[in-house]
Amino acid sequence: MKTDLLLKEAYSQSYIYPPKNVAFKALHLTPFEKTKVVILGQDPYHGEGQANGLAFSVNKGIKLPPSLRNIFKELQSDLGYPIPSSGDLTAWAKQGVLLLNSVLTVKKDSPASHRNLGWQLYTDSVISQLSSKKENLVFILWGKYAQEKVSLIDESKHMVIQSPHPSPFSANRGFFGSKPFSKTNTYLKSKGISEIDWRLTT
């Protein structure tokens, strides 16, 4: 596969995030059969030590990136939970929230640097397969880039939640107040599916 060869070369020549051993962490923690919710990101954080294989997530002890801080602010507003000090979203992933970036790797300090490696073909296939082979999923699409993927989703079978991106540049244009967490649980409950416990360790 072309992507494999290009990625091997990239890892050998420069700093690539996340580390190779966690590039597919989202799919390992949230396998197909357990997926209930999909939150789609663009590409991983490009700062040192930030990307951990889950979209929007960082490991414990890493300063919260601005978008993640805004996600937590909306979580607090929506459900009343305190803003966590840790940005590790593993607890969500283990409950069936697929935190999938469209592009799974990035070069250090170079956002969007791996857009041409072919990752989108792979992740678009993941989204399409989830849409076609499962029912009653919730797809959360934050921002214009994620919303372009709506064509891959059968909206007659699934719920799609769209809003501006949680980035500081757009969060005030409709991300804040969009209530994605409560909307997700209301939908899951209506379909007889166990809800997501969105609380994280503070």
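Look above for the structure.
In this text, all values refer to a predicted model and were calculated from it rather than measured experimentally. (Residues numbered from 1 in each chain as written. Predicted model: local features only at pLDDT ≥ 70, side-chain atom pairs only at ≥ 80, totals over all residues. Heavy atoms only, no water.)

1. A few points about the packing of aromatic side chains
Under the defined criterion, the tally for this structure stands at 9 aromatic pairs. Between F56 and W142 the ring centres are 5.5 Å apart and the planes differ by 70 degrees, which places this aromatic pair in the edge-to-face class. Taken as a pair, F56 in the loop between β2 (37–41) and α3 (66–79) and W142 in strand β5 (residues 138–142) lie far apart in primary sequence, 86 residues in all. Considered together, F56 and W142 belong to a single accessibility category, that of buried residues. Aromatic rings pair up to connect F56, W142, F175 and F176 into one cluster. Sitting over the ring of Y15, K108 keeps its end group 5.2 Å from the ring centre. Here the basic side chain of K134 rests over the ring of F32, its NZ or CZ set 5.4 Å away from the ring centre. (Phe/Tyr/Trp six-rings, centres within 6.5 Å; stacked < 30°, edge-to-face > 60°. Helix = DSSP H or I, 4+ residues; strand = E, 2+ residues; numbered from the N terminus. Buried < 20%, exposed > 50% of the residue type's maximum accessible area, 1.4 Å probe, protein only. Lys NZ or Arg CZ within 6 Å of the ring centre and 35° of its normal.)

2. Comments concerning the sheet that holds β5
One open sheet holds the 4 strands; their spatial order is β3-β2-β5-β6, and the pairing between them is parallel. Where the open sheet ends on each side, the last strands, each with one partner, are β3 (97–101) and β6 (159–163). The mean inter-strand angle of the sheet, taken between neighbouring strand axes irrespective of direction, is 20 degrees. Bridge analysis of β2 against β5 gives 4 bridges, and the strand direction is parallel. Paired with I39 across the strands is I140, a residue of β5. (Pairing = 2+ DSSP bridges. Axes fitted to C-alpha atoms, helices over the stretch in contact; angles between N-to-C directions.)

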